[in-house]
Amino acid sequence: MQMPDGLPTEIDLTRPSAARVYDYFLGGAHNFEIDRQLAEQIASMTPNLPATMRSGREFLRRAVRVLLAAGIDQFLDIGSGIPTVGNVHEVAQGADPRSRVVYVDIDPVAVAHSRELLAGNDRTAVVHADLREPERILAEARHLLDFDRPVGILLAGVVHFVPDADKPADILATLRAAAAPGSHLVISHSTFEDQPQEMLDAQRLSARTDTAITLRSRAEITGFFGDWTILEPGVVHMPLWRPDSPSDVDEHPERFGAFGGVARNDRPAAG
């Protein structure tokens, strides 16, 4: 199969990619026919799924703005996907040009496009790594980020790709332990709570992509924040987390199938 210009030859275009399916739902251009076919199959079962993807991106943008207001000017975005409109560096550097952002993704297509689009932006970096390698991610991120200062750790729509067997709670504990007091943790995560059967069936189609999704309860997702202070309004359905306007929340915010929350590290600095 001939590869599109500029993409690594090791990319497998015979199998759909979770990152590229996500990019398609967000209206991006970095996806292929095999990804679009799976996306359309999922969308035929759950017509509101594109809106769900956009809701997740809107939650992330709101959370980044809250972190900026708290003085955070460096971000570690793990599971960042393929750059589309409204990415973290656009929000952060639009408010504070000094902001630094490290993007991390497991998908080689996401990484290749990220590096291409961010060429020349010396306050960003792109790391090809798996969330299940937290020590490696932290080591790579330290080339740009200063972990002696508060950092925003962003895990938007990625922890649900880690099965229970890979101990996601331990992974999150490693990331939290590396963060200075005043750091913030942002998580959005798919759930089975309050979901109709057709949504659960569509989630099972994720097994056909690179990584299957593990749906978790609100209590399980809340546990990923450890002993950090969870900001108001808590871990809630994504549209309910500090909406820009009450009109942005419809009558059924649970239909987007995911919880979101933000927590702050209020532990005292080590003596």
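This write-up is about the structure you can find in this document. (Residues numbered from 1 in each chain as written. Predicted model: local features only at pLDDT ≥ 70, side-chain atom pairs only at ≥ 80, totals over all residues. Heavy atoms only, no water.)

### Looking at the packing of aromatic side chains
Then, number 1: Under the definition given, this model contains two aromatic pairs.
Then, number 2: Considering the side-chain rings of F59 and W241, the 5.7 Å spacing of their centres and the 85° angle between planes classify their relative orientation as edge-to-face. With a gap of 182 residues between them, F59 in helix α3 (residues 49-69) and W241 in the loop between β7 (236-237) and β8 (258-264) connect regions that are remote in the sequence.
Then, number 3: On the basis of relative accessible area, F59 is assigned to the buried category, the value being 0%.
Then, number 4: Against the face of F147 rests R142, its NZ or CZ located 5.1 Å from the ring centre. (Phe/Tyr/Trp six-rings, centres within 6.5 Å; stacked < 30°, edge-to-face > 60°. Helix = DSSP H or I, 4+ residues; strand = E, 2+ residues; numbered from the N terminus. Buried < 20%, exposed > 50% of the residue type's maximum accessible area, 1.4 Å probe, protein only. Lys NZ or Arg CZ within 6 Å of the ring centre and 35° of its normal.)

### Considering the pairing of strand β1 (residues 74-78)
Then, number 1: For β1, the tally of buried residues reaches five of five residues, placing the bulk of the element in the interior.
Then, number 2: Neither face of β1 is left uncovered, since the one carrying Q74, L76 and I78 and the one carrying F75 and D77 both have all their residues buried.
Then, number 3: As defined by bridge partners, β1 adjoins strand β2 (residues 100-105) across five bridges and the pair is classed as parallel. Paired with I78 across the bridge in β2 is V104. (Pairing = 2+ DSSP bridges.)

### Looking at the pattern of salt bridges
Then, number 1: Counted according to the given criterion, the structure contains 10 salt bridges.
Then, number 2: Its salt-bridge partner being D96, residue R98 comes within 3.1 Å of it at the nearest N-O pair.
Then, number 3: The residue D166 makes a salt bridge to R132 at a minimum N-O spacing of 2.8 Å. One end of the pair, D166, is in the loop between β4 (152-156) and α7 (168-177); the other, R132, is in the loop between β3 (124-128) and α6 (134-141), with 34 residues separating them in the sequence.
Then, number 4: A residue is classified by how much of its surface remains accessible, and D166, at 30% relative accessible area, is partly exposed.
Then, number 5: Take R132: its relative accessible area is 36%, and that puts it in the partly exposed class.
Then, number 6: In the salt-bridge network here, residues are joined through shared partners; they are D130, R132 and D166. (Salt bridge = Lys/Arg side-chain N within 4 Å of Asp/Glu carboxyl O.)

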